Amino acid sequence: METLESILKDHPFFRGLEPHYLALVVGCAANVVFKEGQVLFREGEEANLFYVVRHGRIALELTSPERGALTVQTVGDGEILGWSWLIPPYHWHYTARAVEETRAITLDGKCLRGKCEEDHHLGYELLKRFAHIMEERLKATQVQLLDVYCPHPPEKKV
Amino acid sequence: MTGPCALSHGPMHPSRYEVSRIQRETNDVFTLELEPVDGDGFSFGPGQFTMLYVFGMGEAPISISGDPANGAKLVHTIRSVGTVTGAMDKLKKGDILGVRGPFGTPWPMEEAAGRDVVLAAGGIGLAPLRPVLYQIMADRQRFGKVVLLYGTRTPEDILFRDELEEWRGRMDMEVEVTVDRAGVDWRGNVGVVTTLLPRTVFDPVNTIAMLCGPEVMMRFMIADLMKRGVLAEAIYLSMERNMKCGIGMCGHCQFGPYFVCKDGPVFRYDKVRWLLGVREI
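With that settled, consider the overall build of chain A. Counting its secondary structure elements, chain A contains 4 helices and 8 strands. Tracing chain A from N to C terminus, the helices and strands come up as α-α-β-β-β-β-β-β-β-β-α-α. Considering only C-alpha atoms, chain A reaches an extent of 60 × 35 × 30 Å along its principal axes. For chain A, the share of sequence-separated contacts (at least 6 apart) that also reach a separation of at least 24 residues comes to 75%. For chain A, the exposed surface amounts to about 8300 Å²; the carbon and sulfur share of it is 56%. Averaging the coordinates of the 18 positive side-chain charges in chain A and doing the same for the 23 negative ones gives two points 3 Å apart.

Structure, rendered in structure tokens:
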């Protein structure tokens, strides 16, 4: 039977984490299911959690007055959602909504933040992992901003 | 039917083809099905292209997007971006086009046999990869896992929707689609095509990857494939340059020591790695 410990231990994000730290993380974790359309958090709300998506899809949305609500990114199976709990002022920058029924593990970021302050080695281990995700998302955003699929005027092979 | 490289009137002489069907794919992309007026047509390899000539207007290099097993029906998927392709967009059933080719190097289908195949397409880049999928599906047992990753601008820009749905429904193929931006009514993935890669399962050391799309997209995808363990020698990409003659004579499509029309458009990554990202090339 899959336990929270076995799932998190085998997850690439937590792989290699020392057992006592893993136990601490597991202590802050809980299974959760979001129904299709359910909002996980809203832009501007306090960010105290993060998620390991097990199965499903979460959309991160921004609303602009001109264009209405837009999905800027989706997070799917196996991916980590949320790092605003790590960075002051600890508020969400997007609204997250389940596009389909989504099973996830929620982790108490506020609790972990306190543990990281007490134990900087744990803090460094988690920051390294989040820095990797941030780098991946930053690269992806840069490519997104390039709008590489925009049509170009000269005749080229298509 | 003539052979793959047989150009009965010489490579600079267009043959007449009649537009037999027009399929609107998206707002600015359409597919033309052409049938030969002179002779039986030609066979071609996946990834090859032709020069399509709108009489009195000019030529444009267009990849063949149809089934290589059906050379009598020549299929091209075209984005209307300029004068010539804009004129193609106005063609009607029964109109005549000039066709030269096929030109260029095909995708490495023989090398792909027995291996996992990862296809990564961006935007209109799905069109030159569609013949690969037709060939794989015609002889599915020859290949290992087949993964198609497709990214495009918005949900409205998705090409070959019906076929993508059909391929997604197959148990022997993994199809992932993403868009760069979408409204909240879109239920699929949002994000660049590289974000799809970690979700897929394949054996990196026994994989051949074929990439077609904007060069920036391909560079990021190559980096992620190699991080995953795919060898540089097992990555192929289709390059886009301003092809004119199609036979490596005019020099318009020079790419370092290569002519894309003759030495490409499909290149093995390790052969062109040093040229990618070089400005003014």
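Residues and elements named next belong to chain B. Here the domain parsing of chain B yields domain 1 (15-103) and domain 2 (109-238). If you average the C-alpha positions of domain 1 and of domain 2, the two centres end up 24 Å apart. Taking both sides of the interface into account, the surface hidden between domain 1 and domain 2 amounts to around 1100 Å²; carbon and sulfur atoms contribute 65%. By the criterion of area lost to domain 2, the three top residues of domain 1 are Thr-26, Pro-46 and Ser-65, representing 35% of everything that side buries. Here domain 1 is connected to domain 2 by 0 salt bridges. Our count for the contact surface shared by domain 1 and domain 2 stands at 1 residue pair in polar contact (both at pLDDT 80 or more). Secondary structure elements with two or more residues in the side of domain 1 that touches domain 2: strand S2 (29-36) and strand S5 (74-79).

Here the largest pocket defines a volume of roughly 1000 Å³. Contributing elements (two or more residues each) for the lining of the largest pocket: strand S5 (68-75) and helix H4 (120-146) of chain A together with helix H5 (215-228) of chain B. The leading source of residues in the lining of the largest pocket is H4 of chain A, at 8 residues. Grouping the constituent residues of the lining of the largest pocket by class yields 15 nonpolar, 8 polar and 12 charged.

In this section: unusual backbone geometry. Of the consecutive residues Gly-101 of chain B and Pro-102 of chain B, the connecting peptide bond is found in the cis state with omega at 10°. Within the secondary structure, Pro-102 of chain B sits in strand S6 (residues 96-103). For the bond running from Gly-264 of chain B to Pro-265 of chain B, omega is 10°, close enough to zero to count as cis. Note that Pro-265 of chain B resides in the loop between helix H6 (260-263) and strand S16 (266-268). In this structure, Tyr-90 of chain A is a non-glycine residue whose phi angle is positive, near 60°.

This part is about the interface of chain A and chain B. In this assembly, 33 residues from chain A lie in contact with 49 residues from chain B. Here chain A meets chain B over a buried area of about 3400 Å², counting both sides, of which 52% is carbon and sulfur. Our enumeration of links across chain A and chain B arrives at 5 salt bridges. A salt bridge links Arg-187 of chain B to Glu-36 of chain A; its shortest N-O distance comes to 2.8 Å.

Take the packing of aromatic side chains next. Applying the stated rule across the entire model yields 14 aromatic pairs over all chains. On the numbers, 5.5 Å between centres and 75° between planes, the contact of Trp-85 of chain A with Phe-130 of chain A is edge-to-face. Taken as a pair, Trp-85 of chain A in the loop between strand S6 (80-81) and strand S7 (95-98) and Phe-130 of chain A in helix H4 lie far apart in primary sequence, 45 residues in all. Trp-85 of chain A sits in the buried class, given a relative accessible area of 0%. Seen from their ring centres, Phe-49 of chain B and Phe-103 of chain B are 5.8 Å apart, and the 50° between their planes marks the pair as tilted. Taken together, the residues span a long stretch of sequence, with Phe-49 of chain B in strand S3 (residues 49-54) and Phe-103 of chain B in strand S6 at a distance of 54 residues. Put simply, the rings of Phe-13, Phe-14, Phe-50, Trp-85 and Phe-130 of chain A pair up and form one aromatic cluster. Over the ring of Tyr-90 of chain A we find Arg-113 of chain A; its NZ or CZ atom is 3.6 Å from the centre of that ring.

Glancing now at a nonpolar patch on the surface. A contiguous nonpolar surface patch, about 230 Å² in accessible area, is contributed by Val-37, Phe-55 and Ile-96 of chain B. Looking at where Phe-55 of chain B falls in the secondary structure, it is placed in the loop between S3 and strand S4 (58-63).

For the rest of this paragraph, the subject is empty space enclosed by the protein. Per the counting criterion, the structure on display carries 1 cavity of 30 Å³ or more. Of the voids in this model, the largest cavity is the one considered here, and its volume is about 70 Å³. Taken together, Tyr-149 of chain A together with Thr-26, Asp-28, Val-29, Arg-79, Gly-123, Ile-124, Tyr-150, Thr-152, Arg-153, Asp-157 and Leu-159 of chain B form the lining of the largest cavity. Here the lining of the largest cavity spans two domains, since at least three of its residues come from each of domain 1 (15-103) and domain 2 (109-238) of chain B.

Moving on, we get to the environment of Val-278 of chain B. Examined against the element boundaries, Val-278 of chain B turns out to sit in the segment after helix H7 (269-272). Separated by 22 residues in the primary sequence, Val-278 of chain B and Gly-256 of chain B have C-alpha atoms spaced 9.7 Å apart.

Okay, the packing of helix H3 (residues 109-118) of chain A against H4 of chain A next. Residues and elements named next belong to chain A. At a closest axis distance of 5 Å, the pairing of H3 and H4 adopts a crossing angle of 125°. Taken together, H3 and H4 sit at an angle that is classed as oblique. Note on element contacts: H4 touches H3 through His-120, Leu-122, Gly-123 and Leu-126, opposite Leu-112, Lys-115, Cys-116, Glu-117 and Glu-118. Counted by class, the contact of H3 with H4 contains 4 nonpolar, 2 polar and 3 charged residues.

Bringing the environment of Met-221 of chain B into the picture now. Residues and elements named next belong to chain B. Locating Met-221 in the fold gives a position in helix H5. On the basis of relative accessibility, which here comes to 0%, the residue Met-221 falls in the buried class. Spatially, the C-alpha atoms of Met-221 and Phe-55 are 39 Å apart, while their sequence positions differ by 166 residues. Sequence-distant contacts of Met-221, that is, excluding residues within four places in its chain, are made with Ala-120, Leu-149, Val-193, Thr-194, Leu-197 and Leu-211.

Rules of the game
- Residues numbered from 1 in each chain as written.
- Chains lettered and ligands numbered in written order.
- Predicted model: local features only at pLDDT ≥ 70, side-chain atom pairs only at ≥ 80, totals over all residues.
- Heavy atoms only, no water.
- Helix = DSSP H or I, 4+ residues; strand = E, 2+ residues; numbered from the N terminus.
- Contact = heavy atoms within 4.5 Å.
- Areas by Shrake-Rupley, 256 points an atom, 1.4 Å probe, with all protein chains shown as cover.
- Lys, Arg positive; Asp, Glu negative; His and termini not counted.
- Charge placed at Lys NZ, Arg CZ, Asp CG, Glu CD.
- Domains from an automatic or database assignment.
- Buried area = accessible area lost by both parts, 1.4 Å probe.
- Salt bridge = Lys/Arg side-chain N within 4 Å of Asp/Glu carboxyl O.
- Polar contact = N/O pair within 3.5 Å; in protein donor to acceptor, adjacent residues only side chain to side chain.
- 1 Å grid on protein atoms, 1.4 Å probe; cavity = no way out; pocket = protein on both sides within 12 Å on 5 of 7 lines; lining within 4 Å.
- Points joined across faces, edges and corners; volume = space filled by probe spheres on them.
- Nonpolar A, V, L, I, M, F, W, Y, C, P; charged D, E, K, R; others polar.
- Phe/Tyr/Trp six-rings, centres within 6.5 Å; stacked < 30°, edge-to-face > 60°.
- Buried < 20%, exposed > 50% of the residue type's maximum accessible area, 1.4 Å probe, protein only.
- Lys NZ or Arg CZ within 6 Å of the ring centre and 35° of its normal.
- Patch = residues over 30% accessible without salt bridge, like charges linked within 9 Å, V, L, I, M, F, W, Y side chains within 5 Å.
- Axes fitted to C-alpha atoms, helices over the stretch in contact; angles between N-to-C directions.
- Parallel < 35°, antiparallel > 145°, perpendicular 65-115°, else oblique.

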